Amino acid sequence: MLKSLIIVGLIMGSIYGLIGLGYSVIYRASGIMNLAQGELITLSAFLGYTFFGVCGLPYGVALILTVVIMFVLGVMIQKGLVSRYQKRGVTGVYMLLITFGLSRVINGGEALIFGSNAKRFPSIFNVSTVNIMGAHLQPERIMCLFLALISMLLVHLFMTRTKTGIGMQACAMHSKAAEACGIDVVKSNGLTWGLASVVAAMCGMMLGPIYGVTLMLGANLSQMGFASSVAGGMGNIYGAMVGGIIIGLIESLVGGYVNSTWKSMIAYLILFLILAVRPTGLFNEQAVRDV
Amino acid sequence: MALLEVHDLHYYYGNIHALKGISFHVDAGEMVTLIGSNGAGKTTTLQTLSGLTEPKGIRGEIIFDGKNITGWKGHKITAAGMAQVLEGRCIFPKLTVVQNLQMGAFLIKDKASVEKKIQDEIFRLFPRLEERKTSLGGSLSGGEQQMLAIGRAMLSNPKLLLLDEPSMGLAPLVVQEIFEAIKKIRDEGVTVMFVEQNSKIALNTADRGYVLQTGEIVMEDTCQNLLANEDVKKAYLGG
Ligand SMILES: Nc1ncnc2c1ncn2[C@@H]1O[C@H](COP(=O)(O)OP(=O)(O)O)[C@@H](O)[C@H]1O
Ligand SMILES: [Mg+2]
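Nothing here was measured: the structure is a model prediction, and the numbers come from that model.

This brings us to the overall build of chain B. Helix and strand counts for chain B stand at 10 helices and 10 strands. Compactness check: chain B gives a C-alpha radius of gyration of 17 Å against a globular reference of 18 Å for 239 residues, within 12% of the reference. Over its C-alpha atoms, taken along the principal directions, chain B stretches across nearly 45 × 40 × 35 Å. Going through the 239 residues of chain B one by one, you find that 54% of them count as buried. Restricting the contact set of chain B to residue pairs at least 6 apart, pairs at least 24 apart contribute 67%.

This is the structure in structure tokens:
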């Protein structure tokens, strides 16, 4: 029992970590807390369902199409909405409200286009469960674990090892100095939102097959992703991964040994504890700016 | 030949008329200073040259290296060969010293040449930076941050290096060190223009100077003549 709870916890944790990574990327590279991140996940799940479940395209093709569309959408959100308000001096809670408003607009759009009924994302694999060390798991969940870990690793390497990624961080730390270094700050910020949307696309394509596609999919799960990124230290990319895995394990163990209705509550109580000991998250990340 | 020519430059922050039609030039190989007290418009001048102010507030003409760059975006102007050390240094606090320097070379494709320049030029000019190369920018002292900001600007291989109050907030000995480095940079063939409130060190370092007063250039001459000028002595050199 313990072994299988740990495996389930790791899988959920890696998903939470990946969701949290979407928040962290934007926060790290622009100091903005993007409350629309969850809704981008829902939208991706609807897109993936449409390409895979309705059009019958192979899962890999549906994944690539969704990733590309979400990248373009992310860039458009930054160029068309966020940067326009930034230019007018909108920051902090005012920007928070804009991202929240955006999440409601996207949610309304989804309801209009896809309707409010839950959609069943067809199985990707033709076996229904696999047995790993005594845990019977949907193969989709195992795929999630791998895709989440690979995505996190790639994003981490991109943000910390490539010139473009470090440049994205530089833009957040001092946009004028970044421009003076020769970085096209407008383009770089667009890229940041594109990347965070790609992370959302990966999440949507993983979560759809596990939970089914509903209008509430992203809203429910993104809370835990948000908690993960905060627990790890907002903006810290390892932090989101570690925070996610801690929360995933706590949830799974509490659900298995105590009571599954308490699992979120206990996960949050432990989050309180983490913040009491380390007020800026496990990786001690100073907030970039006031949210 | 003039590397930089500025004709009748105005800058408006909305209704605030910060630059009121200034004209000046910087010849290739020269070291020119623009002195003026707080609020005179020094930062506005430099940031407008570098494309870091809103273009809609600009009137007039900026010709750099034969090109009319008025209203260009900042990164394009950097690519054209003008780099700036910003007021207050503005290093990237959560990047390491080496990463900060690498950001200065953002537009340079040849990675090996960047590493070589950091090692052979920047670390030779500022050995302190080599000692601290893995530290985060935000953990450096003020003087070290100024060195880092200068090194970062130099990594774009500029033809013209602009510096905004390099002495600001630094101890006299550190100011000396920074100005020695600026002279070495000029001796390597880079054209330099800097603005200063510290008129004494500015006029003792540069070849030519302009005096900026509430958005207007009120005097221009060689630094030697400016140092000897009674008005300059009274207003800027403490009698
Ligand atoms: N962002 C801004 N918005 C409005 N006014 C500004 C802004 N920046 C500077 N100013 C005004 O422009 C004038 C020149 O400022 P500045 O160029 O910073 O002077 P200096 O660098 O010589 O101290 C000052 O009167 C200042 O108040
Ligand atoms: Mg100034």
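Next comes the rest of the account.
Surrounding the magnesium ion (ligand 2) are the protein donor atoms B:T43 (OG1) and B:E87 (OE), at 2.0 to 2.1 Å. One end of the pair, B:T43, is in helix α1 (residues 42-49); the other, B:E87, is in the loop between β6 (82-85) and α3 (97-104), with 44 residues separating them in the sequence.

This next bit is on the nonpolar core. With 79 residues, the main nonpolar core has A:I15, A:L18, A:I19, A:L21 and A:L207 as its most contacted residues. Residue contacts for A:I15: discarding those within four places in its chain leaves A:C144, A:A148, A:L207 and A:I210. Grouped together as the second largest cluster of nonpolar side chains are 46 residues, B:A83, B:I118, B:V190 and B:I201 included.

With that settled, consider the site of ligand 1. All names here are of chain B. Close to ligand 1 lie Y13, I16, A18, S37, N38, G39, A40, G41, K42, T43 and T44. One nitrogen or oxygen atom from the side chain of N38 is found 3.3 Å from an oxygen atom belonging to ligand 1. Note that an oxygen atom of ligand 1 is positioned 2.7 Å from one of the side-chain N or O atoms of T43. Alone, ligand 1 offers 560 Å² of accessible surface; in the complex the protein occludes 61% of this. The greatest single-element share of the shell around ligand 1, amounting to three residues, is contributed by α1.

Once that is clear, we can look at the side chain of A:E251. Residue and element names in this part refer to chain A. Counting through the fold element by element, E251 comes out in helix α10 (residues 237-257). Despite its burial, E251 pairs with no opposite charge; the closest candidate is K263, at 4.5 Å N-O. For E251, the side chain forms a polar contact with the side chain of Y16, separated by 2.7 Å. Other than its neighbours up to four places away in sequence, E251 contacts Y16, M224, K263, S264 and A267.

So, about the interface of chain B and chain A. The interface of chain B with chain A comprises 20 residues on the first partner and 22 residues on the second. Counting the surface lost from both chain B and chain A, the interface buries some 2000 Å², and carbon and sulfur atoms represent 66% of this. Our enumeration of links across chain B and chain A arrives at zero salt bridges. Taken together, the links from chain B to chain A amount to seven residue pairs in polar contact (both at pLDDT 80 or more). Those elements giving two or more residues to the side of chain B that touches chain A turn out to be α2 (74-79) and α3 of chain B.

This part takes up the sheet that holds strand β7 (residues 160-164) of chain B. All names here are of chain B. If you trace the six strands from one edge of the open sheet to the other, you get β6-β7-β8-β3-β9-β10, paired in mixed fashion. At either margin of the open sheet sits one strand with a lone partner, and together these are β6 and β10 (216-222). When strand polarity is set aside, the average angle formed by the axes of neighbouring strands in this sheet is 15°. Alignment of β7 against strand β8 (residues 191-196), held across five bridges, turns out to be parallel. Across the sheet, residue L162 finds its bridge partner in β8, namely M193. Relative to β6, helix α6 (residues 142-154) is tilted by about 170°, and along the sheet it contacts β6 and β7.

Quick notes on the rules
Residues numbered from 1 in each chain as written. Chains lettered and ligands numbered in written order. Predicted model: local features only at pLDDT ≥ 70, side-chain atom pairs only at ≥ 80, totals over all residues. Heavy atoms only, no water. Helix = DSSP H or I, 4+ residues; strand = E, 2+ residues; numbered from the N terminus. Rg over C-alpha atoms; globule rule 2.2 N^0.38 Å. Buried < 20%, exposed > 50% of the residue type's maximum accessible area, 1.4 Å probe, protein only. Contact = heavy atoms within 4.5 Å. Donors = N, O, S within 2.8 Å, 3.2 Å for Na, K, Ca; no water. Core = buried A, V, L, I, M, F, W, Y, C linked by side-chain atoms within 4.5 Å. Near = heavy atom within 4 Å. Polar contact = N/O pair within 3.5 Å; in protein donor to acceptor, adjacent residues only side chain to side chain. Areas by Shrake-Rupley, 256 points an atom, 1.4 Å probe, with all protein chains shown as cover. Lys, Arg positive; Asp, Glu negative; His and termini not counted. Salt bridge = Lys/Arg side-chain N within 4 Å of Asp/Glu carboxyl O. Buried area = accessible area lost by both parts, 1.4 Å probe. Pairing = 2+ DSSP bridges. Axes fitted to C-alpha atoms, helices over the stretch in contact; angles between N-to-C directions.

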